[in-house]
Amino acid sequence: MTDRRKHGSAPGRPEPETDSLDPAKHVLTLRGYDCGVEGSPIALADLAGDLRRELENDGPTLQRLPGSPWRLVLLTELRGVVIGSLLRELAARLSPGPEFGPGEEGLELACLARELADDILDQTFVGLL
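Quick summary incoming for the structure in this document. (Residues numbered from 1 in each chain as written. Predicted model: local features only at pLDDT ≥ 70, side-chain atom pairs only at ≥ 80, totals over all residues. Heavy atoms only, no water.)

1. Some details on the overall build of the protein chain
Line of reasoning, step 1. When you go through the protein chain residue by residue, the secondary structure sums to four helices and zero strands.
Line of reasoning, step 2. For the protein chain, the α and β elements follow one another from N to C terminus as α-α-α-α.
Line of reasoning, step 3. Taking all 129 residues of the protein chain together, the buried fraction comes to 26%.
Line of reasoning, step 4. Within the protein chain, residue pairs in contact and separated by at least 24 positions form 44% of the contacts whose partners lie at least 6 positions apart. (Helix = DSSP H or I, 4+ residues; strand = E, 2+ residues; numbered from the N terminus. Buried < 20%, exposed > 50% of the residue type's maximum accessible area, 1.4 Å probe, protein only. Contact = heavy atoms within 4.5 Å.)

Now the structure itself:
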């Protein structure tokens, strides 16, 4: 993960390659370890697809399955507005345009960030405006 990149590899292991990491195409905070290549870059669109699949399998926020703990995360309204605003900013920065450039590699992740921002902000005073 990013800690290994920041602090070096484990003793006896080579540093992960960062030459193939393109900030316009790859996630900067995660690395892939499931392809047999340690620390391989993860494409922005791949992360968006993975997160969407995980969210599709996520149950309703107030559903509690027998024997499972509550899955409800509570936020103050202010924290919800801050998180939603940061997600909107992320979406803007990942969308094609002056901030991200002409590439569309971040578009799927931008759409997901915008949808999550809207879900959060709709539950705050911002959603009432």
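2. A closer look at helix α3 (residues 77–94)
Line of reasoning, step 1. Over its 18 residues, α3 runs 26 Å from end to end, which matches the ideal 26 Å to within 8%, given 1.5 Å per residue.
Line of reasoning, step 2. Where α3 is buried, its residues touch α2 (44–56) and α4 (107–121). (Expected span 1.5 Å × (residues − 1).)

3. A word on the pattern of salt bridges
Line of reasoning, step 1. Going through the model one piece at a time under the given rule, you end up with five salt bridges.
Line of reasoning, step 2. Among the salt bridges present, the one from Arg 88 reaches Asp 118, with a minimum N-O distance of 3.4 Å. Pair noted here: Arg 88 is in helix α3 and Asp 118 is in helix α4, with a separation of 30 residues, a long-range link.
Line of reasoning, step 3. Under the relative-accessibility criterion, Arg 88 is labelled partly exposed at 31%.
Line of reasoning, step 4. Looking at Asp 118, the relative accessible area reads 26%, which means it is partly exposed.
Line of reasoning, step 5. Put simply, Arg 93 and Glu 89 hold a salt bridge, and the shortest N to O gap is 2.6 Å. One end of the pair, Arg 93, and the other, Glu 89, are both in helix α3, four residues apart, so they sit about a helical turn from each other.
Line of reasoning, step 6. Judged by relative accessible area, which is 39%, Glu 89 ranks as partly exposed.
Line of reasoning, step 7. Because the salt bridges share partners, they merge into one network encompassing Arg 88, Arg 114 and Asp 118. (Salt bridge = Lys/Arg side-chain N within 4 Å of Asp/Glu carboxyl O.)

4. Points about a nonpolar patch on the surface
Line of reasoning, step 1. Together, Val 73, Leu 75 and Ile 83 make up a nonpolar patch on the protein surface, roughly 270 Å² of accessible area in all.
Line of reasoning, step 2. Topologically, Leu 75 is positioned in the loop between α2 and α3.
Line of reasoning, step 3. In this structure Leu 75 comes out as partly exposed when scored by relative accessible area, which is 45%. (Patch = residues over 30% accessible without salt bridge, like charges linked within 9 Å, V, L, I, M, F, W, Y side chains within 5 Å. Areas by Shrake-Rupley, 256 points an atom, 1.4 Å probe, with all protein chains shown as cover.)

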